[in-house]
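# Structural features, examined
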Amino acid sequence: MRGTSQLLRTLVKHDGRRFAPWLLIVTALSVSSVIAYPLVFPSQTDRAAFAATVGSNPALGLIFGPAFDLSTTDGFNAWRSLALGGFLTALCVIFAVIRSTRAQEDSGQAELLASGVMGRQARLSAAVGLALLGSVAIGCVSGIVTALCGGDWQVSLLLGATFAATGWMFTGVSAVAAQLGTDSRSANSLAVGFLGVLFVLRGFAYSVDAQEWTIWINPLGWMTQTRPAFENDWWPLLYALAFTVLALVVAYALQTQRDFGQGAIPPRPGPTRGKVRTTWRLAIRLNRGPVVTWAIAFVILGVVFGYFATSVQDLLSEDASVAHILASGAASSEELVSAFIVTILSMVGILAAVSGVQVVMKVRSEEIEDRVEPIIAGSVRRSRYFASNVLLAALSTAVNILIAGTIIAWLASSADIGVQFSDVLVQAIATIPASWTVVGVSVAVIGARPAVTLAGWVGVVISFALTILGPTFKLWDWILGISPFWHVPNVTGADVDWTGLAWISLITVGFIVVGRQGFRNRDLAR
């Protein structure tokens, strides 16, 4: 452990500022809920209508978890912020721990440190310390600022504590992943994949009203069981503390068993002679791991969403507010089921866009590692190299949507809920152009302005915020129309309008042209 305190101070000085964007986003998520709720839903009638809207679309429960009480500002904030805030905090600490451990080993920085008098456990201890402190900072700042902006102090602080506790748990998870992965990228994939699986399982368990033990075996379920603004239970946070300690013990034990620069999972040896002859095969070779992993993930998502679709009518009938809507004739059961199918396929489309954006981001990371320049120094044209990666991003996005869409269509059509296999599959196909538009944003950014790499994720963030939350906040159509998924028509409707898809397809082409021209004309790694 020798040198831990000095290294921790250095990490806080150089990497501490990387926590600032995550802290601002999580705080803004909570504060905006407290400020906006009384303005958007001023009366009890408005709030009851909003609760009915949330209840009529169980897909929202997959993301936000259960809505224990939407009649109060704090109850709304807890529903909207708890799951997402914890998810973002977990992502933040995963990247921080892996960056300060395995990424430093991959780059050679850690070898320089290890050659001195620093103890073997110092780097892991410093990274864990940074992540634990960062989690506490996110929890404290978001909780205090939310309370100062009008939230109840106890509820706001409990909500902030769930963010910090989630960050602590995934500090332990990422510390373990850093010992298992063959490199920093695989370690990140392991930790983020584990987070994604737990997140989906928690939402699914609450949405289908699964047995209580399925919630308690999920660490993210412990955070939801604190029930801020409803029961305000602090004791489930003790489980998070115990989980963190156990995960860190495992991580330190694994570190003593592995070689420096190697993970517990050994990498496969490469071929004795290179076989890649085209830029297309190179793009596949570099991205085949994530592409295959995403394809498997979308098989699982298809099964989860498909099973969810088969039971949607039962879920709707159990909601009193939805039953009132159906009884009043304001909407039919078929219309609610159709809207539900459109929503879950939009969610699939947004997640598929993430896989495409990740492929485009790989272009930039290869540039930074100085591995692109030797390729284009020969006969390979820049535009050809860039186009191969963009094509792979588009194809992987479309295939992932079709995988999940086909499974959902098969399961939904086999149940007696009034939908046909062809309708759901066509709806999935209609979602693909919207996902391509989101990927196109990243193509334009990486091609023309790679210095602002994070802007490549703007399309994903905006699409998620406007598609999932926009309608419930009664936003104007011109704002909702910023999301490409707003233009995806409901193919089961009587008069299907495809004009919106044509427009966003033109915009996608424009993004690709901007990216291609930018990549051709700019300096590499700049």
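The following refers to the structure shown. (Residues numbered from 1 in each chain as written. Predicted model: local features only at pLDDT ≥ 70, side-chain atom pairs only at ≥ 80, totals over all residues. Heavy atoms only, no water.)

## Focus: the pattern of salt bridges
Within the structure shown, the criterion is met by five salt bridges. For Glu366, the salt bridge is made with Arg371, and the minimal N-O distance between the two is 3.0 Å. Glu366 gets classed as buried once you look at its relative accessible area, which sits at 4%. Residue class for Arg371 comes out partly exposed when judged on its relative accessible area of 42%. Across the pair Arg522 and Glu367 runs a salt bridge, and its minimum N-O distance is 2.7 Å. Of this pair, Arg522 sits in the segment after helix H23 (499-521) while Glu367 sits in helix H17 (residues 333-368); the two residues are 155 residues apart in sequence, bridging distant segments of the chain. In terms of burial, Arg522 and Glu367 fall into one category: buried. Residues participating in the shared-partner salt-bridge network are Lys362, Glu366 and Arg371. (Salt bridge = Lys/Arg side-chain N within 4 Å of Asp/Glu carboxyl O. Buried < 20%, exposed > 50% of the residue type's maximum accessible area, 1.4 Å probe, protein only. Helix = DSSP H or I, 4+ residues; strand = E, 2+ residues; numbered from the N terminus.)

## Examining helix H2 (residues 19-40)
Over its 22 residues, H2 extends 31 Å from the first C-alpha to the last, a length consistent with the 32 Å expected when each residue adds 1.5 Å. At Val34, H2 shows its largest kink, close to 25 degrees, and the proline Pro38 lies no more than four residues downstream. Burial in H2 covers these residues: Phe19, Leu23, Val26, Thr27, Leu29, Ser30, Val31, Ser33, Val34 and Tyr37. (Expected span 1.5 Å × (residues − 1). Bend = angle between axes of the 7 residues up to and from the residue.)

## A word on the packing of helix H19 (residues 382-414) against H23
What describes two packed helices is the angle between their axes and the distance between those same axes. With their axes 9 Å apart at the nearest point, H19 and H23 run at an angle of 140 degrees to one another. By the angle between their directions, the pair H19 and H23 is classed as oblique. As H19 runs across H23, the sense of the crossing is right-handed. Contacts between H19 and H23 involve Arg382, Ser383, Tyr385 and Phe386 from the first element and Gly515, Arg516, Phe519 and Arg520 from the second. (Axes fitted to C-alpha atoms, helices over the stretch in contact; angles between N-to-C directions. Parallel < 35°, antiparallel > 145°, perpendicular 65-115°, else oblique. Left-handed = near helix turned anticlockwise from the far one by under 90°. Contact = heavy atoms within 4.5 Å.)

## Observations regarding the side chain of Arg80
Mapped onto the elements, Arg80 comes out in helix H5 (residues 73-100). Buried and unpaired, Arg80 has no salt bridge, with Asp74 as the nearest side chain of opposite charge at 12 Å. Of note is the side chain of Arg80, whose polar atom sits 2.5 Å from the side chain of Ser33. (Lys, Arg positive; Asp, Glu negative; His and termini not counted. Polar contact = N/O pair within 3.5 Å; in protein donor to acceptor, adjacent residues only side chain to side chain.)

## What to know about a positive patch on the surface
There is a patch of like positive charges on the surface, built from Arg273, Lys275, Arg277 and Arg281. Its place among the elements puts Arg277 in the loop between helix H13 (236-255) and helix H14 (279-310). The exposure class of Arg277 is exposed, given its relative accessible area of 62%. (Patch = residues over 30% accessible without salt bridge, like charges linked within 9 Å, V, L, I, M, F, W, Y side chains within 5 Å. Areas by Shrake-Rupley, 256 points an atom, 1.4 Å probe, with all protein chains shown as cover. Charge placed at Lys NZ, Arg CZ, Asp CG, Glu CD.)

## Here we look at the side chain of Arg522
Take Arg522: its relative accessible area is 11%, and that puts it in the buried class. At a separation of 2.7 Å, a polar atom in the side chain of Arg522 contacts the side chain of Glu367. Apart from residues no more than four positions distant in its own chain, Arg522 is found in contact with Arg364, Glu367, Arg382, Ile446, Gly447, Ala448 and Pro450.

## Section: H13
The end-to-end C-alpha distance of H13, which contains 20 residues, comes to 29 Å, matching closely the 28 Å that a straight helix rising 1.5 Å per residue would cover. Every buried residue of H13 is accounted for by Pro236, Leu237, Ala240, Thr244, Ala247, Leu248, Ala251 and Gln255. In an axial view of H13, the angular spread of the buried residues amounts to 125 degrees, which keeps them on one side of the axis. Looking at H13, the residues exposed on the side facing more than 90 degrees away from the buried face are Leu238, Leu246 and Val249. As for H13, its buried residues are in contact with helix H8 (122-148), helix H9 (153-180), helix H11 (212-216) and helix H12 (219-224). (Arc of directions from axis to C-beta.)

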